[in-house]
Structures are given as C-alpha cells and as structure tokens.
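# Survey of secondary and tertiary structure
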Amino acid sequence: PQQCNLAGSWKNDLGSKMYVSKVDDKGNFLGEYHTAVSSAQKPIEPSPLVGSQHLDEDGQCTFGFTVNWKFSDSTAVFVGQCFAEKGEEILQTSWLLREKVDSQSSNWKATRTGQNTFTRM
Ligand SMILES: CN1C(=O)N(C)[C@H]2CS[C@@H](CCCCC(=O)O)[C@H]21
C-alpha cells in the first residue's frame, strides 16, 4: 500500500505553501511554512514548522505540526490525516491559530480555527 510520507512540497486552498524536509524513522519532521495571507502588520516571511507523523503500514497517516510565525506574535498548530486517492495525496487538516493579546480580557478572541486541504505541488 502507498506510504503517505509528508516529505516534499504542499500547497493549500489559501495558496499557502509548506515544505517538509525528510521524515525521520520516528516520524518527526521539520520544514517551512510560506503563508499566502496574514492578519499581521509586518511583511510575511517563511516560518519554521516542527511536526510528527504516524508511519502506519496502511499509509493513511495522521500527523500534527506547529508553525512559529516569524513576523507575527502568533503560533499555529495543525492536525490532520494524509489520504491517498487514486495515486493523489490529499492532506485534510484542522488548525488553531493563537495570537498574542494584550490582556486576559481579550483572551476570548485570541484563538481562531479552521480547516484546510493540501495537495502536492
Ligand atoms: C494563511 N493561513 C493558512 O494557510 N492557514 C492554513 C491558516 C492557519 S495559519 C494562518 C496564517 C497565519 C499567519 C500569521 C498571522 O497572521 O498571525 C492561515
């Protein structure tokens, strides 16, 4: 069965790109996230990501990774699964974006969530 390995280049429906370096034998990986959009004031820069994926024998692995934004006081965490359909690999992900807020009274509005699909570039 096709082993769904996250190494390589991915793009999502927002036009963001993700470059994943090799996945080690424990499933850990590093990479870079090139976001296409941002609510931050500063110019967008590539940002490091650190993650881990299951290396199941059936190849439809689940994974998670964290993106530490270099141009924004925020952090995103993604969880998802890799699906292999007719030779195409699709990453179905959900994410939480936590932005730094100035006081706990604003804590309620600090976390956003969404879902995104990635395909190989
Ligand atoms: C573009 N995005 C993207 O490709 N996503 C899957 C979502 C989850 S991370 C967010 C971008 C955050 C940029 C940094 C910031 O504005 O604080 C958004």
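Residues numbered from 1 in each chain as written. Predicted model: local features only at pLDDT ≥ 70, side-chain atom pairs only at ≥ 80, totals over all residues. Heavy atoms only, no water.

### Examining the overall build of the protein
This is how it is decided: Helix and strand labels come from DSSP, where a helix needs a run of H or I of at least four residues and a strand needs a run of E of at least two; each type is numbered from the N terminus. A radius of gyration in this sense is built from C-alpha atoms; the matching globule rule multiplies 2.2 Å by the number of residues raised to 0.38. Relative accessible area decides the class of each residue, using a 1.4 Å probe on protein chains only: under 20% of the type maximum gives buried, over 50% gives exposed, and in between gives partly exposed. Contacts are assigned to residue pairs that have any heavy atoms within 4.5 Å of one another.
Secondary structure assignment for the protein yields zero helices and eight strands. From first element to last, N terminus to C terminus, the protein shows the α and β order β-β-β-β-β-β-β-β. Taking 14 Å as the expected radius of gyration for a compact globule of 121 residues, we find that the protein reaches 15 Å, a close match to that expectation. Dimensions of the protein, computed from the C-alpha atoms along their principal axes, are close to 50 × 25 × 25 Å. Counting the 121 residues in the protein, one finds 34% classified as buried. A separation of at least 24 residues holds for 39% of the contacts in the protein among residues at least 6 apart in sequence.

### Description of the sheet that holds strand S8 (residues 111–120)
To summarise the sheet geometry, strands pair through backbone hydrogen bonds and adopt either a parallel or an antiparallel arrangement. What counts is decided by this rule: A pair of strands counts as paired when DSSP detects no fewer than two bridges linking them. In this description, a line fitted to the C-alpha atoms serves as the axis of each element, helices being fitted only across the stretch in contact, and the angle between N-to-C directions of two axes falls anywhere from 0 to 180 degrees.
Pairing in this closed barrel of eight strands is antiparallel, and the strands run S1-S2-S3-S4-S5-S6-S7-S8 around the ring. For this sheet the average axis-to-axis angle between neighbouring strands, irrespective of direction, equals 30 degrees. With three bridges joining them, strand S1 (residues 8–12) and S8 adopt antiparallel strand pairing. Bridging across to S8, Trp10 finds its partner in Arg120.

### Looking at the environment of Thr75
Its location among the elements puts Thr75 in strand S6 (residues 74–85). For Thr75 and Leu96, which are 21 residues apart along the polypeptide, the C-alpha to C-alpha distance reads 8.3 Å. If near-sequence neighbours (up to four positions away) are discounted, Thr75 is found in contact with Thr66, Val67, Trp69, Leu96, Leu97 and Arg98.

### Describing the site of the ligand
So the rule is basically this: Any residue with at least one heavy atom within 4 Å of a molecule or strand is counted as near it. Definition of a polar contact: a pair of N or O atoms within 3.5 Å, with one able to donate and the other able to accept a hydrogen when the atoms are protein atoms, and with sequence-neighbouring residues admitted only if both atoms are side-chain atoms. Accessible surface area values rest on a Shrake-Rupley calculation with a 1.4 Å probe, where residue burial reflects the displayed protein chains alone.
Near the ligand lie 17 residues; those nearest to it are Ser16, Tyr33, Thr35, Ser72 and Ser74. Ser38 is positioned such that a nitrogen or oxygen atom in its side chain is 2.8 Å from an oxygen atom of the ligand. When the free accessible area of the ligand is taken as 440 Å², the share hidden by the protein chains comes to 97%.

### Quick word on the confidence of the model for the protein
Defined as follows: Every residue gets a pLDDT, meaning the predictor's confidence in that residue, from 0 to 100.
Here the protein averages 93 in pLDDT, and 96% of its residues register 70 or above. In the predicted complex, the global pTM is 0.93; the interface-specific ipTM is 0.95.

### Considerations on the pattern of salt bridges
How we decide: Should a side-chain nitrogen of Lys or Arg be within 4 Å of a carboxyl oxygen of Asp or Glu, the pair is scored as a salt bridge.
In this structure the tally under the stated criterion is three salt bridges. Between Lys100 and Asp73 there is a salt bridge, with its nearest N and O atoms 3.4 Å apart. On the criterion of sequence distance, the pair formed by Lys100 in the loop between strand S7 (88–99) and S8 and Asp73 in the loop between strand S5 (62–68) and S6 is long-range, its members being 27 residues apart. For Lys100, a relative accessible area of 57% gives the class exposed. Of the charged contacts, one joins Arg120 and Glu89 as a salt bridge, the two residues approaching to 2.4 Å between their closest N and O atoms. Note that Arg120 is positioned in strand S8 and Glu89 in strand S7, a separation of 31 residues in sequence. The class of Arg120 is partly exposed, set by a relative accessible area of 30%.

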